[in-house]
Amino acid sequence: MALQIMKILASATTVTTVSPVNTKLFYVTTAQTDGGGTLTIDAADFFLDDGSAATTLPALESSNSYYQVYINGLLQMEGLLTYTPGATGVGSVAVDVPIGGSILTGTPVIVEVVNFTPASSTTVTT
């Protein structure tokens, strides 16, 4: 019998699912912040969807997350925001108020944090 090149015949199927975890945090300002100032909100000052007090701001998963800040219902520009995850005293959201603007007392601030958890499974058949 002549020599032959043997090939392995195999196929693979990969299924990937992505599960988002959405955390919404709410705050109502207690003082006015004028243009040129910074509104800093500590993690403990927020409350959650169910009305309970927040104790921490969620960590952002590397390359699989984002956060958005709404002030008085309007999405804010990323360049004005600083998000620091963590517990009370560490975790905070800071909003730099541009000159000429202000955030009035009683203004709602909503922070939405979305982390995605991807999972893949591969089936190989021969």
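Basis of the calculations
- Residues numbered from 1 in each chain as written.
- Predicted model: local features only at pLDDT ≥ 70, side-chain atom pairs only at ≥ 80, totals over all residues.
- Heavy atoms only, no water.
- Helix = DSSP H or I, 4+ residues; strand = E, 2+ residues; numbered from the N terminus.
- Buried < 20%, exposed > 50% of the residue type's maximum accessible area, 1.4 Å probe, protein only.
- Lys, Arg positive; Asp, Glu negative; His and termini not counted.
- Salt bridge = Lys/Arg side-chain N within 4 Å of Asp/Glu carboxyl O.
- Polar contact = N/O pair within 3.5 Å; in protein donor to acceptor, adjacent residues only side chain to side chain.
- Contact = heavy atoms within 4.5 Å.
- UniProt positions renumbered as here; feature names shortened; annotations may be inferred.
- Phe/Tyr/Trp six-rings, centres within 6.5 Å; stacked < 30°, edge-to-face > 60°.
- Pairing = 2+ DSSP bridges.
- Axes fitted to C-alpha atoms, helices over the stretch in contact; angles between N-to-C directions.
- Core = buried A, V, L, I, M, F, W, Y, C linked by side-chain atoms within 4.5 Å.

Draft legend 1. Region of interest: the side chain of Asp42. Within the secondary structure layout, Asp42 lies in strand β3 (residues 38-42). In this structure, Asp42 is buried with no salt-bridge partner, the nearest side chain bearing the opposite charge being Lys24 at 22 Å. A distance of 3.1 Å separates a polar atom in the side chain of Asp42 from the backbone nitrogen of Ala44. Discounting chain neighbours no more than four positions away, the residues touching Asp42 are Thr88, Gly89, Val90, Gly91 and Ser92.

Draft legend 2. Summary view of the UniProt feature "domain: DUF4183" (unreviewed entry) in the protein chain. Using the residue numbers shown here, the UniProt feature "domain: DUF4183" (unreviewed entry) corresponds to residues 39-113. Helix makes up 0% of residues 39-113 and strand 45%, and the two end C-alpha atoms of the span are 19 Å apart.

Draft legend 3. Layout of the packing of aromatic side chains. Going through the model one piece at a time under the given rule, you end up with four aromatic pairs. Look at Phe26 and Phe47: their rings are 5.8 Å apart centre to centre, the planes differ by 25°, and that puts the pair in the stacked class. Separated by 21 residues along the polypeptide, Phe26 in strand β1 (residues 11-28) and Phe47 in the loop between β3 and β4 (56-57) bring together distant segments of the chain.

Draft legend 4. Fine view of the sheet that holds strand β9 (residues 92-96). Pairing within the open sheet is antiparallel, and its three strands lie in the order β3-β9-β7. The strands lining the two open edges of the sheet, one partner per strand, are β3 and β7 (81-84). In this sheet, neighbouring strand axes are inclined to one another by 10° on average, regardless of whether the strands run parallel or antiparallel. For β7 and β9, the ladder comprises four bridges, and the chain directions are antiparallel. Pairing of Thr84 across the sheet is with Ser92, part of β9.

Draft legend 5. A look at the nonpolar core. Phe46, Val93 and Val111 are the most contacted members of the largest nonpolar core, which has 19 residues in total. For this core, the secondary structure elements donating two or more residues are β1, β3, β5 (65-71), β7, β9 and β11 (108-125). With three residues, the single largest contributor to this core is β11. Discounting chain neighbours no more than four positions away, the residues touching Phe46 are Leu25, Phe26, Tyr27, Ile41, Ala53, Ala54, Leu57, Val93 and Val111.

Draft legend 6. Spotlight on the pairing of β9. Judged by how many residues are buried, β9 sits mostly within the fold: four of five residues are covered. Bridge analysis of β3 against β9 gives five bridges, and the strand direction is antiparallel. Within β9, the residue paired with Asp42 across the bridge is Ser92.

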